[in-house]
Amino acid sequence: MDIESYRRNSNKKVKKKLTLKKSIKRFINKCLVVIILFLGCLILLKSNTSFKNKLIKYVYEDSIHFTKLKAFYEKYFGKILSVDKVLPSEQKVFNENIAYQKANVYKDGVELKVSNQYMVPTIESGIVVFIGEKEGYGNTVIIEQVNGIDVWYSNIKISDIKMYDYIEKGSLLGESLDNKLYMVFQKEGKYLDYKEYI
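Given the structure is predicted, the values throughout are model-derived calculations rather than measurements. (Residues numbered from 1 in each chain as written. Predicted model: local features only at pLDDT ≥ 70, side-chain atom pairs only at ≥ 80, totals over all residues. Heavy atoms only, no water.)

**As for the confidence of the model for the protein chain**
- Looking at the protein chain, the pLDDT average stands at 83 and 85% of residues meet or exceed 70.
- The spread of mean pLDDT over the elements of the protein chain runs between helix H2 (residues 49-61), the lowest at 75, and strand E6 (residues 150-154), the highest at 96. (pLDDT = per-residue confidence, 0-100. Helix = DSSP H or I, 4+ residues; strand = E, 2+ residues; numbered from the N terminus.)

And the structure:
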């Protein structure tokens, strides 16, 4: 081994050690910043009751709009997964639009006259954000659609869907309990005219 190759090898080892040390320092600095931010938030929560009340209201009372989170993520990080390129191995047989005989205004939405045990489809793809009872409406499923509109489907016997399931347009939600289906269209706390959507 000549002197020149020995110097090159020793320089490479020194560079590797320096790079490792820099990486460790960056990691430690990032951890310290996270700890400082966390402790700062704890101090704010402990000492400032208005901040605490705002945080509690935001987390527990306001609804989280998944479409806004998705738009934010795509703006800064790109698409999560290109769903268009993924081909399903199975195709669902049920893919329908809502069929009804008559529509009447009902509270904040519409009452649709449908057939008994009508199989209720979704009118647009979205995420299930509520399953349960709504006063005056009965069994209700709320879907936050990809366009940001929350749609209530009420007076239905719910099928096998769960919270935060992604539901494709035309998929089966459940069956109507009788010949009435209630729907409400809502965006950012405002009720919308049903005629524009069905």
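Okay, back to it.
**Some thoughts on the side chain of threonine 140**
- Take threonine 140: it is sitting in strand E5 (residues 138-145).
- Among the polar contacts listed, one links the side chain of threonine 140 to the backbone oxygen of glycine 138, at a separation of 2.9 Å.
- Beyond its immediate chain neighbours, meaning those up to four positions away, threonine 140 contacts Phe130, Ile131, Gly132, Lys134, Trp152, Tyr153, Ser154 and Ile158. (Polar contact = N/O pair within 3.5 Å; in protein donor to acceptor, adjacent residues only side chain to side chain. Contact = heavy atoms within 4.5 Å.)

**Structural notes on unusual backbone geometry**
- A positive phi angle is found at asparagine 155, which is not glycine, with a value near 70°.
- With respect to the helices, strands and loops of the structure, asparagine 155 is situated in the loop between E6 and strand E7 (156-158).

**Looking at the sheet that holds E7**
- One open sheet holds the three strands; their spatial order is E3-E9-E7, and the pairing between them is antiparallel. Of all strands in the sheet, those with a lone pairing partner are strand E3 (119-121) and E7, marking the two edges. Averaged over all neighbouring strand pairs, the angle between strand axes comes to 40°, with direction disregarded.
- Here E3 pairs with strand E9 (residues 172-176) via three bridges, running antiparallel. Opposite methionine 119, over in E9, you have glutamate 175 as the bridge partner. (Pairing = 2+ DSSP bridges. Axes fitted to C-alpha atoms, helices over the stretch in contact; angles between N-to-C directions.)

**Re the pairing of E6**
- With five of five residues buried, E6 lies mostly within the body of the structure.
- With burial as the criterion, each face of E6 is covered, one bearing Asp150, Trp152 and Ser154 and the other bearing Val151 and Tyr153.
- With five bridges joining them, E5 and E6 adopt antiparallel strand pairing. What sits directly across from glutamate 144, in E6, is aspartate 150.
- Counted along the chain from E5 to the antiparallel partner E6, the turn is four residues long, and its residue glycine 148 has a positive phi close to 90°.
- In this sheet, strand E10 (residues 180-187) lies alongside E6 in antiparallel orientation, the contact comprising five bridges. By the bridge assignment for E10, tryptophan 152 is matched with valine 184. (Buried < 20%, exposed > 50% of the residue type's maximum accessible area, 1.4 Å probe, protein only.)

**Description of the pairing of strand E2 (residues 109-113)**
- Burial runs high along E2: four of the five residues are buried.
- Sheet topology note: the strand E1 (residues 102-106)/E2 ladder contains five bridges and is antiparallel. Its bridge partner being in E2, alanine 103 is matched across the sheet by leucine 112.
- A loop of two residues connects E1 with E2, the two strands running antiparallel in sequence, and lysine 107 in this loop sits at a positive phi of about 50°.
- Two elements, E2 and E10, share four bridges in a ladder whose sense is antiparallel. Across the sheet, the residue bridging to leucine 112 is leucine 181, located in E10.

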